[in-house]
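Given next are the chains, with one letter for each unit.
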Amino acid sequence: MTTTIYHNPDCGTSRNTLAMIRASDEEPVIIEYLKTPPSRKKLVELIAAMGISVRELLREKGTPYAELGLGDAKWSDGELLDFMMAHPILVNRPIVVTSKGVKLCRPSEVVLDLLETPLLADFLKEDGERVAARQS
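About the cut-offs
- Residues numbered from 1 in each chain as written.
- Predicted model: local features only at pLDDT ≥ 70, side-chain atom pairs only at ≥ 80, totals over all residues.
- Heavy atoms only, no water.
- Buried < 20%, exposed > 50% of the residue type's maximum accessible area, 1.4 Å probe, protein only.
- Helix = DSSP H or I, 4+ residues; strand = E, 2+ residues; numbered from the N terminus.
- Arc of directions from axis to C-beta.
- Contact = heavy atoms within 4.5 Å.
- Salt bridge = Lys/Arg side-chain N within 4 Å of Asp/Glu carboxyl O.
- Core = buried A, V, L, I, M, F, W, Y, C linked by side-chain atoms within 4.5 Å.
- Expected span 1.5 Å × (residues − 1).

Undergrad: Please set out helix α2 (residues 40-50) residue by residue, giving values where relevant.
TA: Among all positions in α2, only L43, L46, I47 and M50 are buried. Mapping the buried residues of α2 onto a view down its axis gives an arc of 100°, with all of them on the same face. Turned more than 90 degrees away from the buried face of α2, the exposed residues are K41 and A48. Of the surrounding secondary structure, the elements contacted by the buried residues of α2 are β1 (4-7), α3 (77-86), β3 (95-98) and β4 (101-104). The first or second residue beyond α2 is G51, which carries a positive phi of 70°.

This is how it looks when you write it as structure tokens:
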């Protein structure tokens, strides 16, 4: 199975996650979800595969979350999905799909659980934080 990352190149966490995937000697399919958003059906599938709620996939920072009043519990899952479809920036990222599962990789080292090949050496994030290589 091919590794896929729903990626935002402007996001440091997303860039670090992509770099860790590549450091494990994999070249993923990269979907820049702001340019090519997943369909509603695909988004529902990803949420189900991650085992999280629709609300847990909402991103607050740098989005119209507050402006739209999305913190209010009145919104149904369907309505929250409607908002994500209208404003893809509301979808938290990066989401990584591999044969080992699907996860929202926040923090970026969550991706290590999904990699077929472990990192061969420690990884240095953009901010200088070191992520220790894991043995499989």
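Undergrad: Any details on the pattern of salt bridges? Residues and values, ideally.
TA: Overall, the coordinates contain eight salt bridges when judged by the stated rule. With a shortest N-O distance of 2.9 Å, E27 and R22 are connected by a salt bridge. A residue is classified by how much of its surface remains accessible, and E27, at 53% relative accessible area, is exposed. It is possible to trace a salt-bridge network through shared partners that takes in E109, K125 and E129.

Undergrad: Run through the nonpolar core, naming residues and quoting values.
TA: The nonpolar side chains of a soluble globular protein tend to be buried, and buried together. L57, M84 and I95 are the most contacted members of the largest nonpolar core, which has 21 residues in total. Breaking this core down by element, the ones donating at least two residues are α2, α3, β3 and β4. Ignoring any residue separated from it by four or fewer positions in sequence, one finds L57 in contact with L43, I47, M50, I52, M84, L90, V91, N92, I95 and L104. Listed in part, the 13 residues of the second largest apolar core include I21, V96, V111 and L115.

Undergrad: Explain helix α1 (residues 12-23) residue by residue, including any values.
TA: Under the 1.5 Å per step criterion, the end-to-end length of α1 is 16 Å for twelve residues, consistent within 8% with the ideal 16 Å. Of the positions making up α1, those classed as buried are T13, S14, N16, T17, L18, M20 and I21. At the C-terminal side of α1, D25 shows a positive phi close to 70°.

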